[in-house]
Amino acid sequence: LLRDLHLASLSLYEELSKELKDGFDFWQQGLLMLYTTEGGRLECSEMVEQAEKMGVRARLLNTGEIRELDANIRTHAPGGAYYPQDSHIDPARFVVNLAKHVQGNDDTIQVATDVLDFEAVNGKIETVRTSKGDFSADQIVLTAGAWSPTLIRNLKLKLPIQPAKGYSITLNHTQDIPQIPLILEEAKVAVTPLGDRLRFAGTLELAGLDLSFNMRRVHAVLKAVPRYLDTEPVNLEQAEIWAGLRPCTPDGLPIIGRCPSINNLIVATGHAMIGISLAPITGKLIAELVNEEQPSIDLEALRVERFN
């Protein structure tokens, strides 16, 4: 199921990159997972084997092959697993340009508007209460990530979503950076090139709906990098530090579907660390549900009521 969702989303990203007038940064460079230990090598080998069984291209590379693939990857790692079909984007630029595209089609986006609560009558949401007044709509789509359970507390729905905080550290105007995104396997740290910027990201901190910075976590991400890459030390005074909350479900799958007890509510949340990856296909599935069409991917395993 996740393979199908990812491949469908990748295809939609390719379409969107051509459709959006201003475009967005969409790089099709693949993904490289670096390992430094025997345990990491075995894990990467197993993942490559599983990927090939599912029809996803993947192969193991040694240090020389990594250097041939991207001369800017100066690594201490003895090898890695390469997935050539992977792509990556600049999330901020994508969201901004998508919003411009939607507004250009005469649709309305209410900016700086906090949703506060819902009022339901006879199994239907009649009112959406916000910081800029009340709204009503025929169909309501809940896509509030880690905040979804809080917003629907008065609807008596069960969404077992746990916020899991992750951190990123972005360096601006960096030269000679890798062109291929990296996963530092044992450390669980992502290294993402974004044009002339380089982003390090990782950790999973269970701290509720708290977006404050735990600098110990930030330093832990950066401390892992020299074990894999020959890079200059990061000057945090010149870096952009960010924290975000991943909405995690007990079974690791997102929640996508129409709510059985509220007939005009569609839920799309719980994507954990693959929200950006699955954004386009999630949008398509929501559109199909809104239009009462048969979903293009079977949503049985993702249904809202599966945790009841």
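In what follows, the accompanying structure is described. (Residues numbered from 1 in each chain as written. Predicted model: local features only at pLDDT ≥ 70, side-chain atom pairs only at ≥ 80, totals over all residues. Heavy atoms only, no water.)

1. Overview of the overall build of the protein chain
As a reminder, the rule being used: Strands here are runs of E lasting at least two residues and helices are runs of H or I lasting at least four, both read from the DSSP assignment and numbered beginning at the N terminus. Using C-alpha atoms as the atom set, the radius of gyration is obtained and then compared with a globule rule of 2.2 Å times the number of residues to the power 0.38. By the convention used here, residues are in contact when the closest approach between their heavy atoms is within 4.5 Å. All accessible-area figures derive from a Shrake-Rupley calculation using a 1.4 Å probe, and residue coverage is judged against the displayed protein chains alone. His is not counted here, nor are the chain ends, while Lys and Arg score as positive and Asp and Glu score as negative. By convention, charge coordinates are those of NZ in Lys, CZ in Arg, CG in Asp, or CD in Glu.
What the protein chain contains, in helices and strands, is seven helices and 16 strands. For the protein chain, the C-alpha radius of gyration of 21 Å lies close to 19 Å, the compact-globule estimate for 308 residues. When the backbone C-alpha atoms are referred to their principal axes, the protein chain occupies close to 65 × 45 × 40 Å. Here the contacts in the protein chain between residues at least 6 apart in sequence split such that 69% fall between residues at least 24 apart. Summed over all atoms, the accessible surface of the protein chain reaches about 16,300 Å², with 50% contributed by carbon and sulfur. If the 30 positive side-chain charges of the protein chain are averaged to one point and the 41 negative ones to another, these points end up 4 Å apart.

2. Thoughts on the pairing of strand β15 (residues 255-258)
Condition: Strand pairing is defined by DSSP finding a minimum of two bridges between the two strands.
Here β15 runs beside strand β16 (residues 265-269); their pairing, made up of four bridges, is antiparallel. Counterpart to Arg258 in the pairing with β16 is Ile266. In sequence, β15 turns back onto β16 through a hairpin of six residues.

3. Brief notes about unusual backbone geometry
Here is the rule: Only protein chains enter the calculation, and the probe is 1.4 Å; a residue is then buried if its accessible area is under 20% of its type maximum, exposed if over 50%, and partly exposed in between.
Its identity as a non-glycine residue notwithstanding, Ala112 has a phi of 50°, on the positive side. Within the secondary structure, Ala112 is located in the loop between α4 (91-104) and β6 (115-121). For Ala112, a relative accessible area of 67% translates into the label exposed. Positive phi, close to 55°, is recorded for Asn122, a residue that is not glycine.

4. Structural notes on the packing of helix α1 (residues 2-19) against helix α7 (residues 279-290)
Put simply, the test is: Axis definition: a line fitted to C-alpha atoms, limited for helices to the stretch in contact. Angles are taken between N-to-C directions and run from 0 to 180 degrees. The scheme is simple: roughly parallel for angles under 35 degrees, roughly antiparallel for over 145, roughly perpendicular for 65 to 115, oblique for anything else. Amino acids are sorted into nonpolar (Ala, Val, Leu, Ile, Met, Phe, Trp, Tyr, Cys and Pro), charged (Asp, Glu, Lys and Arg) and polar (every other residue, Gly among them).
Relative orientation of the contacting elements α1 and α7 amounts to 95°, with a least axis distance of 7 Å. Classified by the angle their axes make, α1 and α7 are roughly perpendicular. On the side of α1, the interface is formed by Leu5, Ala8, Ser9, Leu12, Tyr13 and Leu16, while α7 contributes Ala279, Pro280, Ile281, Lys284 and Leu285. Taken together, the residues of the contact of α1 with α7 sort by class into nine nonpolar, one polar and one charged.

5. Here we look at the nonpolar core
Cut-off, in case you're wondering: To form a nonpolar core, buried Ala, Val, Leu, Ile, Met, Phe, Trp, Tyr and Cys residues must be joined to one another through side-chain atoms within 4.5 Å.
Judged by nonpolar contacts, the single largest core of 27 residues is most densely connected at Leu32, Leu34, Phe200 and Leu229. Every element with two or more residues in this core is listed here: β2 (31-35), β10 (162-171), β11 (182-184), β12 (189-194), β13 (197-205), α6 (215-224) and β14 (239-248). At four residues, the largest contribution of residues to this core is made by α6. In this structure Phe200 touches Tyr167, Ser168, Ile169, Leu171, Ala190, Val191, Val221, Leu222, Val225 and Val234, once residues within four positions along its chain are discounted. Judged by nonpolar contacts, the second largest core, of 17 residues, contains Ile152, Ile255, Leu265 and Val267.

6. A closer look at the packing of aromatic side chains
Where we set the bar: Any two rings among Phe, Tyr and Trp, with Trp reduced to its six-membered ring, count as a pair given centres within 6.5 Å; such a pair is stacked if its planes are under 30 degrees apart, edge-to-face if over 60, and tilted if neither.
Under the criterion given, the structure shown has six aromatic pairs. Residues Tyr13 and Phe24 carry aromatic rings whose centres are separated by 6.2 Å and whose planes lie at 55° to one another, so their mutual orientation is tilted. Of the two residues, Tyr13 is situated in helix α1 and Phe24 in the loop between α1 and β1 (26-27); the sequence distance between them amounts to 11 residues. Assigned by exposure class, Tyr13 and Phe24 land together as buried. Aromatic pair Phe24 and Phe26: ring centres 6.0 Å apart, planes at 55°, arrangement tilted. For the pair shown, Phe24 and Phe26 are each scored as buried. Of the aromatic side chains, those joined through ring pairs into one cluster are Tyr13, Phe24, Phe26 and Phe94.

7. Some words on α1
Inclusion rule: Expected helix span is taken as 1.5 Å per residue step, with the number of steps being one fewer than the number of residues.
End to end, α1 covers 25 Å across 18 residues, agreeing with the expected 26 Å (1.5 Å per residue, within 8%). Residues of α1 that are buried sit in contact with β1, β5 (88-89), α4 and α7.

8. A closer look at the sheet that holds strand β8 (residues 133-135)
Spatially, the three strands line up as an open sheet ordered β6-β7-β8, and their pairing is antiparallel. The sheet is open, and its two edges are formed by β6 and β8, each paired on a single side. Between one strand axis and the next, the sheet turns through 25° on average, direction left out of account.

9. Side note on the environment of Ala190
With respect to the helices, strands and loops of the structure, Ala190 is situated in strand β12. With 22 residues separating them in the primary sequence, Ala190 and Ser168 have C-alpha atoms 9.0 Å apart. With sequence-adjacent residues up to four places away left out, Ala190 is seen in contact with Leu182, Ile183, Arg199, Phe200 and Ala201.

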